[in-house]
Amino acid sequence: MRDDLLNKKINIKNYCLQKASENILFEQTKQLNTHVRKKDYYNTSIGDDNALYYDDTIYTNGLFYILVKTNENIKKIKDIFSYSHFFGFGPRHSVGKNSFKLISIEEIKRKPNLNNKLLLSQSVFDECINLSESNYQIISKQYHPSKTYINKTTHKMNLFNEGSYLKLTQDKEWIGKILSFNIDKKPLYYYGIGYII
């Protein structure tokens, strides 16, 4: 990567890495910082009157890309994403966060790379990862199930972070697995599957 930067094969524009031949518009998002009051659900003894204050960051006027791997035709995908400003993505969409507007859609014919894969979501370890020839970041997370099911932190786990560039010994469309635990005689499952391209 260092050589490619020096030889101007790749550039950094607005803190984003892209090939020199690409002409993609990357905009820096505007940030709105708010000071909000939230109830501390993990310390119920303090009561509502002692709710904690947090700084919340809202990003506006930003563009981002969603990659969809599918056998469906592009018209059906466009129809689905045309409603993204109504249903949103991820957590908190029911209160109006994570709602987006579809700007454009295009079909990409990607040549499969049998060995090197980019990790798109956090994943637990997989036996097919060649660690010595991969570039990755490991993060540690505490697992806290639903407070109505088991209201306590049950364990920690190490995960490969998104953006890791992995060398695989097998051609796969995903890595990792679903982990199962028994805590206080209750079954727990953790989705440790990472999607790769």
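Everything that follows concerns the structure shown earlier in this document.
Residues numbered from 1 in each chain as written. Predicted model: local features only at pLDDT ≥ 70, side-chain atom pairs only at ≥ 80, totals over all residues. Heavy atoms only, no water.

(A) Structural view of the pattern of salt bridges. Counted according to the given criterion, the structure contains five salt bridges. Close ionic contact of Lys75 with Asp79 constitutes a salt bridge, the shortest N to O distance being 3.2 Å. Placement of the pair is Lys75 and Asp79 together in helix H2 (residues 74–81), with a separation of four residues, close to one helical turn. One salt bridge in this structure joins Asp171 and Lys117, with 3.6 Å as the shortest N-O distance. Separated by 54 residues along the polypeptide, Asp171 in the loop between strand S8 (165–167) and strand S9 (174–183) and Lys117 in strand S5 (residues 116–118) bring together distant segments of the chain. When its relative accessible area of 5% is taken as the criterion, Lys117 is described as buried. (Salt bridge = Lys/Arg side-chain N within 4 Å of Asp/Glu carboxyl O. Helix = DSSP H or I, 4+ residues; strand = E, 2+ residues; numbered from the N terminus. Buried < 20%, exposed > 50% of the residue type's maximum accessible area, 1.4 Å probe, protein only.)

(B) Geometry of the environment of Ile197. When you line up the elements, Ile197 lands in the segment after strand S10 (186–195). Under the relative-accessibility criterion, Ile197 is labelled partly exposed at 28%. Between the C-alpha atoms of Ile197 and Lys117, which are 80 residues apart in sequence, the distance is 5.4 Å. Beyond its immediate sequence surroundings of up to four residues, Ile197 is in contact with Leu67, Arg110, Asn116, Lys117, Leu118 and Leu120. (Contact = heavy atoms within 4.5 Å.)

(C) Broad picture of the packing of aromatic side chains. Summed over all chains, the structure comprises two aromatic pairs. Between Tyr136 and Phe160 the ring centres are 5.3 Å apart and the planes differ by 75 degrees, which places this aromatic pair in the edge-to-face class. Pair noted here: Tyr136 is in the loop between S5 and strand S6 (138–143) and Phe160 is in strand S7 (residues 155–160), with a separation of 24 residues, a long-range link. We classify Phe160 as buried; its relative accessible area is 4%. Grouping aromatic residues by their ring pairs yields a cluster made of Phe125, Tyr136 and Phe160. The side chain of Lys172 reaches across the aromatic face of Trp174, ending 5.6 Å from its centre. (Phe/Tyr/Trp six-rings, centres within 6.5 Å; stacked < 30°, edge-to-face > 60°. Lys NZ or Arg CZ within 6 Å of the ring centre and 35° of its normal.)

(D) Layout of the side chain of Ser164. Position of Ser164 relative to the elements: it lies in the loop between S7 and S8. A relative accessible area of 2% means that Ser164 is categorised as buried. Within the structure, the side chain of Ser164 is placed 3.3 Å from the backbone nitrogen of Gln137, a separation counted as a polar contact. Residues in contact with Ser164, not counting those within four places in the same chain, are Lys117, Leu118, Leu119, Asn135, Tyr136 and Gln137. (Polar contact = N/O pair within 3.5 Å; in protein donor to acceptor, adjacent residues only side chain to side chain.)

(E) Structural detail: a nonpolar patch on the surface. A contiguous nonpolar patch, built from Leu118, Leu120, Tyr165, Trp174, Ile178, Tyr189, Tyr191 and Tyr195 and spanning about 820 Å² of accessible area, is present on the exposed surface. Elements that contribute at least two residues to the nonpolar patch include exactly S9 and S10. Turning to its location among the elements, Tyr189 is positioned in strand S10. (Patch = residues over 30% accessible without salt bridge, like charges linked within 9 Å, V, L, I, M, F, W, Y side chains within 5 Å. Areas by Shrake-Rupley, 256 points an atom, 1.4 Å probe, with all protein chains shown as cover.)

(F) Expanded view of the environment of Gly192. Looking at the secondary structure, you find Gly192 in strand S10. As a C-alpha pair, Gly192 and Gln122 span 70 residues in sequence and 7.0 Å in three-dimensional space. Once residues within four sequence positions are removed from consideration, Gly192 is found in contact with Ser123, Val124, Ile175, Gly176, Lys177 and Ile178.

(G) Quick peek at the environment of Lys152. Relative to the elements of secondary structure, Lys152 occurs in the loop between S6 and S7. The exposure class of Lys152 is partly exposed, given its relative accessible area of 36%.

(H) A look at the nonpolar core. Formed by Val124, Ile139, Tyr143, Ile150, Met157, Leu159, Leu179, Ile183, Leu188 and Tyr190, the largest nonpolar core amounts to ten residues. Of all the secondary structure elements, the ones that give two or more residues to this core are S6, S7, S9 and S10. Ranked by size, the runner-up nonpolar core spans eight residues in total, among them Leu119, Cys128, Leu166 and Ile196. (Core = buried A, V, L, I, M, F, W, Y, C linked by side-chain atoms within 4.5 Å.)

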